[in-house]
Amino acid sequence: MRTCLVVDDSSVIRKVARRILEGLDFQIVEAEDGEKALDICKRGLPDAVLLDWNMPVMDGYEFLGNLRRLPGGDQPKVVFCTTENDVAHIARALHAGANEYIMKPFDKDIVTAKFQEVGLI
Amino acid sequence: MNLLDYEFLRKLLKERSGLDLSADKQYLVESRLLPLARKAGLPGIAELVQKLKNGANALTTEVVEAMTTNETFFFRDKIPFDHLRDTILPAMLQARANRKSLRIWCAASSTGQEPYSIAMCLKEKAQVLAGWRVEIVATDLSQEVLEKSKSGIYSQFEVQRGLPIQLLVKHFTQIGELWQINPDIRGMVQHRQLNLLQDFSHLGKFDVIFCRNVLIYFDQETKIAIFERLARQLEGDGVLLLGAAESVVGISDAFRPYPDRRGLYQPNPARALRANAGAMPLGLKVVAAR
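As the structure is a prediction and not an experimental result, all values here were calculated from the model.

1. Quick notes on the overall build of chain B
Next, step 1: In terms of helices and strands, chain B carries 13 helices and 10 strands.
Next, step 2: The C-alpha radius of gyration of chain B comes to 21 Å, within 12% of the 19 Å expected for a compact globule of 290 residues.
Next, step 3: When its C-alpha atoms are laid out on the principal axes, chain B stretches across 65 × 55 × 30 Å.
Next, step 4: Put simply, chain B has 290 residues, and 35% of those count as buried.
Next, step 5: Here the analysis covers contacts within chain B between residues at least 6 apart in sequence; of these, 70% occur between residues at least 24 apart.

If you want it as structure tokens, here you go:
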């Protein structure tokens, strides 16, 4: 079973994402900020990361940079999932190594389409 | 809804759009037509049917448009667009090297996601298509969806279903919470209103026809007739693309499956030979039969 790290400071969003991704046969690990997510990744890399942008302690953008610098950190597929819905943010995320980008609000169809797009399904 | 009203609507929809509703689809009709009835100031379906019986033409068009499914999204099913890029286009580039023109028809194109997906595929091949005349003709029964298609404006939800984020950034402009496909891609698609039940020979011959996820709503007899007419609009080496749940196999011999490419079909050469043989003088027909 593939693993997905869901990183979001909102427990509601994490719960919704968990329900959708478990339905897509992913094993879910949750983190409420970038720093905690990075600690998890240092112990073992997930197959995918669903990543919020704005979070306390360490935001999603900074987390992504740190993740990509870890040994093997280029492997996980990172899908941003954020309310930062403008072209500038999307371009910045792609430049930093994001594989896909979900603009909130999202639903199961969108998550499925994006995970298919990056070859996770 | 009473049975008589439902039968009236079934017959009307079959005649106007080819839509073949089974006897158990009352719920679908109610869910789509009740909002339309209310919008027209009518209390329910019975009153709507009465208006239609009295010959309300504009309302009839609205009913047909409300009932025809417009479900679509960018790069739907993905594989047909991989086939377009990796199989069809290379073959066409070779076969049409002299005339340098390519005509693609997107039948039942709905709100435009499919023709614009085709246009984006071709745009990615702009270098090899330099100097070529490329036409993408998008047709649909509904003027309303064609207008939306022409505008090229999509919601945030719509651009996130099937469209890779890189293509969104590259080919769309953000307008508030909406996204508009850029003029260079919009300009590659011509829009025309067309009912597949009616004659479409005036569209001319095409190299590629996308006719996906529409024939499933038609009965067998209508499918056969449409396949026959589609075959006449396709070049001898052209390609027909059907939806994932559709096939010509067991329905029509106007097409044969494209080797090793699911969902792709080519005009049946044996059929063309028979048609030609039919047009020959008797003596020659015998020779041809041998």
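Alright, that's what it looks like, and here's the rest.
2. Things to note about the pairing of strand β4 (residues 77-82) of chain A
In the case of a regular strand, side chains alternate between the two sheet surfaces.
All names here are of chain A.
Next, step 1: Buried residues dominate β4, accounting for 6 of its 6 residues.
Next, step 2: Side chains K77, V79 and C81 project from β4 onto one buried face, and the interleaved V78, F80 and T82 project onto a second face that is buried too.
Next, step 3: Regarding the hand of the β-α-β motif, the stretch spanning strand β3 (residues 48-51), helix α3 (residues 60-69) and β4 is right-handed.
Next, step 4: Pairing of β4 with strand β5 (residues 100-103), which is carried by 4 bridges, proceeds in the parallel orientation. When the bridges of β5 are listed, F80 appears paired with Y101.
Next, step 5: Handedness of the β4-helix α4 (residues 87-95)-β5 crossover: right-handed.

3. What to know about the interface of chain B and chain A
Next, step 1: With 9 residues of chain B at the interface, the matching set in chain A holds 14 residues.
Next, step 2: Sort the elements by how many residues they give to the side of chain B that touches chain A and helix α9 (residues 165-171) of chain B lands first, with 3 residues.
Next, step 3: Across the side of chain B that touches chain A, the residue classes break down as 3 nonpolar, 5 polar and 1 charged.

4. As for the packing of helix α2 (residues 26-39) of chain B against helix α3 (residues 45-53) of chain B
All names here are of chain B.
Next, step 1: Taken N-terminus to C-terminus, the directions of α2 and α3 make an angle of 75 degrees; their axes are 9 Å apart at the nearest point. The orientation of α2 with respect to α3, classified from their angle, is roughly perpendicular. For the pair formed by α2 and α3, the contact residues are E30, L33, L34 and A37 on the first element and I45, E47 and L48 on the second.
Next, step 2: Split by residue class, the contact of α2 with α3 holds 5 nonpolar, no polar and 2 charged.

5. Observations regarding the sheet that holds strand β1 (residues 2-7) of chain A
Residues and elements named next belong to chain A.
Next, step 1: Read from one edge of the open sheet, 5 strands run β2-β1-β3-β4-β5, paired in parallel fashion. Each having just a single partner strand, β2 (26-31) and β5 make up the two edges of the open sheet. Across the sheet, the mean angle separating the axes of adjacent strands is 20 degrees when strand polarity is ignored.

6. Regarding helix α2 (residues 34-43) of chain A
Residues and elements named next belong to chain A.
Next, step 1: Three or more residues of α2 are buried, namely G34, A37 and C41. In a view along the axis of α2, the buried residues occupy a sector of 60 degrees, so they form one face of it. Residues of α2 that are exposed and angled more than 90 degrees away from the buried face: D39 and R43.

7. Overview of the packing of α2(A) against α3(A)
Residues and elements named next belong to chain A.
Next, step 1: One way to put it is that α2 packs onto α3 with a least axis distance of 9 Å and a crossing angle of 20 degrees. When the axes of α2 and α3 are compared, the pair comes out roughly parallel. The handedness of the crossing between α2 and α3 is right-handed. Judged by residue contacts, G34, A37, L38 and C41 of α2 engage G60, E62, F63, N66 and L67 from α3.
Next, step 2: Its residues placed into classes, the contact of α2 with α3 shows 5 nonpolar, 3 polar and 1 charged.

8. Section: the nonpolar core
Next, step 1: Core analysis: the largest hydrophobic core is formed by 92 residues, its most contacted members being L50(A), L51(A), F80(A), I209(B), C211(B) and L240(B).
Next, step 2: Within the second largest apolar cluster, 11 residues are counted, among which are L19(B), I45(B), V49(B) and M67(B).

9. Details of the confidence of the model for chain B
Next, step 1: Averaged over every residue, the pLDDT of chain B is 90; residues scoring 70 or more account for 93%.
Next, step 2: Considering only residues more than four positions removed or in separate chains, one finds that residues 279-290 of chain B, a stretch of pLDDT under 50, has 5 contacts.

10. Brief notes about the environment of L84(B)
Residues and elements named next belong to chain B.
Next, step 1: Tracing the backbone shows L84 in helix α5 (residues 79-95).
Next, step 2: L84 gets classed as buried once you count the C-beta atoms within 10 Å, which come to 22.
Next, step 3: It is 8.2 Å that separates the C-alpha atoms of L84 and I118, two residues lying 34 residues apart in sequence.
Next, step 4: Setting aside its immediate chain neighbours within four residues, L84 contacts L89, I118 and C121.

Rules used in this analysis
Residues numbered from 1 in each chain as written. Chains lettered and ligands numbered in written order. Predicted model: local features only at pLDDT ≥ 70, side-chain atom pairs only at ≥ 80, totals over all residues. Helix = DSSP H or I, 4+ residues; strand = E, 2+ residues; numbered from the N terminus. Rg over C-alpha atoms; globule rule 2.2 N^0.38 Å. Buried ≥ 20, exposed ≤ 12 C-beta atoms within 10 Å, placed from the backbone. Contact = placed C-beta atoms within 7 Å. Right-handed = clockwise from strand over helix to strand, strands pointing away. Pairing = 2+ DSSP bridges. Nonpolar A, V, L, I, M, F, W, Y, C, P; charged D, E, K, R; others polar. Axes fitted to C-alpha atoms, helices over the stretch in contact; angles between N-to-C directions. Parallel < 35°, antiparallel > 145°, perpendicular 65-115°, else oblique. Arc of directions from axis to C-beta. Left-handed = near helix turned anticlockwise from the far one by under 90°. Core = buried A, V, L, I, M, F, W, Y, C linked by C-beta atoms within 7 Å. pLDDT = per-residue confidence, 0-100.

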